[in-house]
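Architecture and fold: a report
The primary structure of each chain is shown beneath.
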Amino acid sequence: MKVYWTVTAEGHLDAIHDHIALDSPVYAMVDHLTQKSRQIADFPLSGQRVPEYENDQIREVIEGPYRIIYHIKSEQIDVVAVIHGAMNLLHS
């Protein structure tokens, strides 16, 4: 299945890049985050259900301290957010 990154999720990646670029090799982390698209495309149900939502089609995979939140649709998968694991989606 094809994975699309929403404008919001791309903005989150940009913010992560800008934040960690000051301290560490940023491209490695951003690359790890975007590579998770392959796992999501090949195994959409491999991610766990997002605890803030009671919807089996909204799932997440973890990479380092980040949560990659995605929505499984009938024809595609949309990555909707990339947030720090300490954040709660309903209160951010």
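This write-up is about the structure you can find in this document. (Residues numbered from 1 in each chain as written. Predicted model: local features only at pLDDT ≥ 70, side-chain atom pairs only at ≥ 80, totals over all residues. Heavy atoms only, no water.)

Some words on the pattern of salt bridges
Under the counting rule described, the total for this entry stands at five salt bridges. For Glu63, the salt bridge identified is with Lys36, shortest N-O distance 3.7 Å. Pair noted here: Glu63 is in strand 3 (residues 58-63) and Lys36 is in helix 2 (residues 26-42), with a separation of 27 residues, a long-range link. Put simply, Arg67 and Glu60 hold a salt bridge, and the shortest N to O gap is 2.5 Å. Assigned by exposure class, Arg67 and Glu60 land together as buried. Beyond isolated ion pairs, a larger network of salt bridges with shared partners links Glu52, Glu60 and Arg67. (Salt bridge = Lys/Arg side-chain N within 4 Å of Asp/Glu carboxyl O. Helix = DSSP H or I, 4+ residues; strand = E, 2+ residues; numbered from the N terminus. Buried < 20%, exposed > 50% of the residue type's maximum accessible area, 1.4 Å probe, protein only.)

Fair warning: the whole summary comes from geometry, so function is off the table for now.
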